[in-house]
Amino acid sequence: MLWGLARTSGRPLPVVVDTPLGRLDSDHRKNLIKNYFPHAGHQVILLSTDTEVDASLFNDLSPAISHCYHLKYDQEKACTTADEEYFWRARETATA
């Protein structure tokens, strides 16, 4: 539906999807990662949880990713910081 709306508008529209893979089975997750998100628009923002996009799906999506941020909330400071990393990806880089 989102893709259809974007295409019929005739304009390049940004696409923002919150928890894009949360309730999908593995086949539908792969389908969205390979066929929809890389082509959904000129600017696609995915807001995922730490368990939605595993290393394999992230690798499949990597060619279409320009930036990725981990938003971390600090309760003591009552603020959120954005680190340029993806949940587990920062740990892998640090241990490699």
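Provided above is the structure to which this section pertains.
In this report, the structure presented in the accompanying data block is examined. (Residues numbered from 1 in each chain as written. Predicted model: local features only at pLDDT ≥ 70, side-chain atom pairs only at ≥ 80, totals over all residues. Heavy atoms only, no water.)

Re the overall build of the chain
A count of helical and extended segments in the chain gives 4 helices and 4 strands. In the chain, the succession of helices and strands from N to C terminus is α-β-α-β-α-β-β-α. Within the chain, the proportion of its 96 residues that are buried is 23%. Restricting the contact set of the chain to residue pairs at least 6 apart, pairs at least 24 apart contribute 54%. As displayed, the chain has an accessible area near 7300 Å², and 51% of this comes from carbon and sulfur atoms. (Helix = DSSP H or I, 4+ residues; strand = E, 2+ residues; numbered from the N terminus. Buried < 20%, exposed > 50% of the residue type's maximum accessible area, 1.4 Å probe, protein only. Contact = heavy atoms within 4.5 Å. Areas by Shrake-Rupley, 256 points an atom, 1.4 Å probe, with all protein chains shown as cover.)

A few points about a nonpolar patch on the surface
The grouping of Val16, Ile45 and Leu47 at the surface amounts to a nonpolar patch, some 240 Å² of accessible area in total. Counting through the fold element by element, leucine 47 comes out in strand β2 (residues 44–47). (Patch = residues over 30% accessible without salt bridge, like charges linked within 9 Å, V, L, I, M, F, W, Y side chains within 5 Å. Salt bridge = Lys/Arg side-chain N within 4 Å of Asp/Glu carboxyl O.)

Focus on the pattern of salt bridges
Evaluation of the coordinates by the stated rule reveals 2 salt bridges. Residue lysine 72 is joined to aspartate 83 by a salt bridge in which the shortest nitrogen-to-oxygen separation is 3.1 Å. Taken as a pair, lysine 72 in strand β3 (residues 70–74) and aspartate 83 in strand β4 (residues 79–83) lie far apart in primary sequence, 11 residues in all. Given a relative accessible area of 28%, aspartate 83 falls into the partly exposed group. A salt bridge links lysine 72 to glutamate 85, with the shortest nitrogen-to-oxygen separation between them at 3.0 Å. Of the two residues, lysine 72 sits in strand β3 while glutamate 85 sits in the loop between β4 and α4 (87–95), which places them 13 residues apart along the sequence.

A short note on the nonpolar core
The biggest cluster of nonpolar side chains holds 14 residues, and the ones touching the most others in it are Leu21, Ile33, Phe37, Val53 and Tyr86. Breaking this core down by element, the ones donating at least two residues are β1 (15–18), α2 (26–36) and α3 (55–61). For this core, the element with the most residues is α3, which contributes 3 residues. Residue contacts for leucine 21: discarding those within four places in its chain leaves Arg29, Leu32, Ile33, Phe37, Glu52, Val53 and Leu57. (Core = buried A, V, L, I, M, F, W, Y, C linked by side-chain atoms within 4.5 Å.)

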